[in-house]
Amino acid sequence: MIGHTLHAGRRALYPGLRYFSETPCGEIIEDVLERTDYPRVTKQASLYVHWPYCLRRCSYCNFNKYIPKDNNDHVMTECLQRETETLLQLSQVSCITSVFFGGGTPSLAHPSTIAAVLETVSRRAYLSDKAEVTLEVNPTPAGKTKLEDFCRAGVNRFSIGVQSLKDEDLKILGRDHSPHQALQTVDEARRLCPGRVSVDVMFGRPNQSVESWENELSELLTVCDDHVSLYQLTLERGTQLFKQVRGGEVTMPAEDVTAEMYQCARRTLQQHGFLQYEVSNFARQNAVSHHNRSYWKGGQYIGVGPGAHGRFVPLGEGGVLREARTQTLEPDVWIREVQQRGHATRRRIQLSHLELLEEVLVMGMRMTQGINPKHWESFSPHLGLHEVFGTSSDVQELIRSGQLILDDRGLRCSWDGLALLDSMLPALLVELQRQMSQRDDRADGRTKRSSDPQ
Amino acid sequence: MVLQAIVDRIPPPVASIDDPFKALVFDSNFDHYRGVVANIAVFGGQVKKGNKIVLAHLGKTFEVNELGLLRPHEHPTQKLCAGQVGYIVAGMKDVKEAQIGDTLYLQDQPVETLPGFKPAKAMVFAGMYPMDQTEYPALRNAIERLTLNDSSVTVQRDSSVALGAGWRLGFLGLLHMEVFNQRLEQEHNASVIVTAPTVPYKAVLSSPKLIKEHGSEVITIVNPAQFPEKSVVSEYLEPMVLGTIITPDTYTGKIMTLSLKRRGIQKNMVYIDEQRVMMKYLFPLNEIVVDFYDNLKSLSSGYASFDYENADYQAADLIKMNFLINGEPVEELITIVHRDHAYNTGKAMCERLKESIPRQMFEVAVQAAIGSKIIARETIKAYKKNVLAKCYGGDITRKMKLLRRQAEGKKKLRRIGCVEVPKDAFINVLKRKD
């Protein structure tokens, strides 16, 4: 790994950029790759904004969320704007393709916060009127009454955390709304943004059976809009639910049961006209989430707010490698840092070319359409998709057993394969690593092994 | 208190400074910078820095560079005298030059050699093979370096149809073997396939052709894969040991049950005082080597003690048990077992294999077989779902880390047919537990 990073840094390995590559002997060769998408990749990004506050903590949640002691809204808004501005400048993107307000509970923020951030974006980059601007909504009555104002502030898509339509389950999950309130919120959202409302539901909940899940889904399908996100309840260390399960107060369904829940949900949604486009995401009428899809396609994203994550090339600092960045977690500390230096980036890790490709692979395979050769090429012009995976015996085996498909449309999972993606990814990663290292050997010729610490 | 009691009650060594120098080498290590460091007990005379000494076995002469006491760390001194125990560094480059049990004397004053030690007898054998034949030279070097400092490990070259060229190593016990394996991994970064621990069985051949081939009627079988079929053997023999168990009498019943289960035959039982019993049992060695001692200790809350010495070989009804993973035989798991234990051992090993093999995308059948007869089976269910379907808010770093780690782990997995098995799955499997 270290060897790769050094190489990449030394050779400015990202394709598409006009770069000068230095051979080990010190010659300078000019290398220009025109027929790639990469310049476009670094000129645009999607924006994620984190609103960290919640009124309560749900029993299963381990996201970066806080219950506010005082009203920090004003200062938080200012800092979100400031950090947005700083990071936009740092990334030098000219276009923000979509915006997502997540959290915490973004619907607790004042609509003017949303407007302010969007306005800051527009000042620094091009934000189309048609760009998707999503807000996560906690479906309490309070949330519902604000929806219209959010629309006016610029939100044009809502993602509603319904989670469950069963009152008892909502209590176990620690939610602060009723199923009825959730449905009302969905209604209102659909009125304001028809065809642009997504509903989050959770399966694998305590005391859930496949049958009750099927019924619940059927009920949901009568009222939801054109996008559904299905998430499996996962026990995370440190959450209240984790402790309850460990203490025996609460039992989770068995693994086979949750597997069955997932599969039957896929089938049911398909029967109702939804196309599964990602492991957890289903859409009718092509109402996909553009923001999330750009993650899975390996696009850059800028993360603003406490604990937000980003992936972009800091061109403004002369950077050439994409970085994985995390903002400071704790809101109070985050605020101070933003006030002091314009942004509160706590961690930045440069991604080598291999690491970047690994992420493109892992994220891309989550989509049902998988990775097409052109998409791959925009990140890896020197090593084509078929070159990497076409000769692998492991891949051949997976194709033969019907889990993977590799054809001129690219590499993707079959229906069955998608449910077992994580069993296949290690093999795909091994193959990618092997092909990259062979290619590096060929490119470098004799000097590689002697200088490489590996 | 104990040390003081030793000082008070144990008589001092009988030795005189006036005698010619005579010392026994009882241990040796290899130090990268100084060469061989020999631990010696001086039985007569004295030795100083600069003296020229001779090691009796090879007859080679060396000059003493450094010597001293062990307190327990090295404490250099100017000389060592009769009755003292310490260390000596004399420019020896190979541990073979300072054999354990060897006698040291001054160059111009040869002495009668001391009765040396009997070399430690290897009791548990295991095959060690590199993960890949390309790693053979690296593993060979690692084994050489480790055995430099551990002369109790016996090394024999071996090869297997499935695994290629490797070694059969002999250890003093199962723990010794585990530690050796761990050191190979950690200190020498070697990835090793370890095969079933076995004891050296013997077979009395009945086929004249085989007798001629082996040069003798009785052969020692160290690799279970070489176990000759019943048809060419008139008798199988297993090594026996005479075990001595000393225990508070409250545990006698449980210990007798345990020993009976291990095919032990009681030879003697006496009370050595009001509350303690000493029992002598004749055990087959293979019943002892894995976990008899652990079980004895836990049965007796730690109070029982166990010691054993080699006894002669005895006839035994032995059979070879094979293990199959999805129909593929796994050579490393071939176990030679007494007929009485076959079913239980087979079932237990299948169960442990089940726990050690990760779930795959298809069902895995683990079977124990004697000849063509399957005697036990376990099934590992296929994954029905293995994909992260939770909402993870944009940070894929954790997931990437996990996947990369799994990718690394995958490189170390072995392929048995279509099934991927961690390479240390077998070493875990082969420990029997009651």
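Residues numbered from 1 in each chain as written. Chains lettered and ligands numbered in written order. Predicted model: local features only at pLDDT ≥ 70, side-chain atom pairs only at ≥ 80, totals over all residues. Heavy atoms only, no water.

Per an unreviewed UniProt entry, chain B is named Translation factor GUF1, mitochondrial isoform X3, and its organism is Cottoperca gobio. Regarding chain B, the relevant UniProt record gives this comment under Function (unreviewed entry): "Promotes mitochondrial protein synthesis. May act as a fidelity factor of the translation reaction, by catalyzing a one-codon backward translocation of tRNAs on improperly translocated ribosomes. Binds to mitochondrial ribosomes in a GTP-dependent manner." Chain B has a UniProt comment under Catalytic activity (unreviewed entry) that states "GTP + H2O = GDP + phosphate + H(+)". (UniProt positions renumbered as here; feature names shortened; annotations may be inferred.)

Where an unreviewed UniProt entry is consulted, chain A appears under the name Radical S-adenosyl methionine domain-containing protein, with the organism given as Cottoperca gobio. For the record of chain A, the UniProt heading Sequence similarities (unreviewed entry) holds the text "Belongs to the anaerobic coproporphyrinogen-III oxidase family. HemW subfamily." Chain A has a UniProt comment under Function (unreviewed entry) that states "May be a heme chaperone, appears to bind heme. Homologous bacterial proteins do not have oxygen-independent coproporphyrinogen-III oxidase activity. Binds 1 [4Fe-4S] cluster. The cluster is coordinated with 3 cysteines and an exchangeable S-adenosyl-L-methionine."

A separate point is the overall build of chain B. Along chain B, the regular secondary structure elements total 10 helices and 27 strands. With respect to the three principal axes, the spread of C-alpha positions in chain B is 80 × 60 × 55 Å. Counting all 434 residues of chain B, 47% fall into the buried class. Sequence-distant contacts, at least 24 apart, represent 66% of the contacts inside chain B between residues at least 6 apart. (Helix = DSSP H or I, 4+ residues; strand = E, 2+ residues; numbered from the N terminus. Buried < 20%, exposed > 50% of the residue type's maximum accessible area, 1.4 Å probe, protein only. Contact = heavy atoms within 4.5 Å.)

Residue and element names in this part refer to chain A. Judged by nonpolar contacts, the single largest core of 116 residues is most densely connected at Ile 96, Phe 158, Ile 302, Met 365 and Phe 389. It is helix α18 (residues 421-444) that contributes the most residues to this core, eight residues altogether. If we skip the residues at most four places from it in the chain, Ile 302 touches Ala 45, Ser 46, Leu 47, Tyr 48, Leu 87, Leu 88, Ser 91, Val 93, Ile 96, His 309, Gly 310 and Phe 312. (Core = buried A, V, L, I, M, F, W, Y, C linked by side-chain atoms within 4.5 Å.)

For the rest of this paragraph, the subject is the interface of chain B and chain A. In this complex, chain B contributes 29 residues to the contact, which on the side of chain A involves 45 residues. For the pair chain B and chain A, the summed buried surface comes to about 3,400 Å²; carbon and sulfur atoms form 56% of the total. Interface area lost by chain B to chain A is led by Met 361, Lys 385 and Arg 404 of chain B, which between them contribute 19%. Between Asp 256 of chain A and Lys 381 of chain B there is a salt bridge, and its shortest N-O distance comes to 3.1 Å. For the pair chain B and chain A, the interface holds 15 residue pairs in polar contact (both at pLDDT 80 or more). Counted by class, the side of chain B that touches chain A contains 11 nonpolar, five polar and 13 charged residues. (Buried area = accessible area lost by both parts, 1.4 Å probe. Salt bridge = Lys/Arg side-chain N within 4 Å of Asp/Glu carboxyl O. Polar contact = N/O pair within 3.5 Å; in protein donor to acceptor, adjacent residues only side chain to side chain. Nonpolar A, V, L, I, M, F, W, Y, C, P; charged D, E, K, R; others polar.)

Residues and elements named next belong to chain A. Summary statistics for chain A give a mean pLDDT of 87 and a share of 89% for residues scoring 70 or more. A low-confidence stretch, residues 1-36 stays under pLDDT 50, and its non-local contacts, those more than four residues away or across chains, total 67 contacts. Between residues 448-454, whose pLDDT stays under 50, and residues either more than four places distant or in other chains, the model counts nine contacts. (pLDDT = per-residue confidence, 0-100.)

Let us look at the pattern of salt bridges. Residue and element names in this part refer to chain A. Tallied over the entire structure, the rule returns 47 salt bridges over all chains. For Arg 366, the salt bridge is made with Glu 278, and the minimal N-O distance between the two is 2.8 Å. With Arg 366 in the loop between α13 (353-364) and α14 (373-379) and Glu 278 in strand β9 (residues 275-278), this residue pair connects regions lying 88 residues apart in the sequence. One exposure class covers both Arg 366 and Glu 278, and it is buried.

All right, on to the domain arrangement of chain A then. Assigned domains within chain A: domain 1 (17-294) and domain 2 (372-449). For domain 1 of chain A versus domain 2 of chain A, the separation of C-alpha centres amounts to 30 Å. (Domains from an automatic or database assignment.)

Further remarks concern the side chain of Lys 399 of chain B. Structurally, the position occupied by Lys 399 of chain B is in helix α9 (residues 397-411). Lys 399 of chain B has contacts with Asp 422 of chain A together with Leu 388 of chain B, leaving out every residue within four places of it along the chain.

Before going further, it helps to spend a moment on the packing of helix α8 (residues 210-223) of chain A against helix α10 (residues 255-271) of chain A. Residues and elements named next belong to chain A. Axis separation between α8 and α10 bottoms out at 10 Å; the angle between their running directions is 30 degrees. When the axis of α8 is compared with that of α10, the two are roughly parallel. Pair α8 / α10 crosses with right-handed handedness. Residue-level inspection shows Val 210, Trp 213, Glu 214, Leu 217 and Leu 221 of α8 in contact with α10, the latter providing Val 257, Glu 260, Met 261, Cys 264, Ala 265, Thr 268 and Leu 269. Partitioning the contact of α8 with α10 into residue classes produces nine nonpolar, one polar and two charged. (Axes fitted to C-alpha atoms, helices over the stretch in contact; angles between N-to-C directions. Parallel < 35°, antiparallel > 145°, perpendicular 65-115°, else oblique. Left-handed = near helix turned anticlockwise from the far one by under 90°.)

Next up on the list: the pairing of strand β6 (residues 66-70) of chain B. Residues and elements named next belong to chain B. Bridging between β6 and strand β9 (residues 85-89) involves four bridges; their strand directions are antiparallel. Residue pairing for β9: Leu 69 is matched across the bridge by Gly 86. Where β6 meets strand β7 (residues 74-77), four bridges bridge the pair, whose relative direction is antiparallel. Across the sheet, residue Leu 67 finds its bridge partner in β7, namely Thr 77. Connecting β6 to the next strand, β7, in antiparallel fashion are three residues. (Pairing = 2+ DSSP bridges.)

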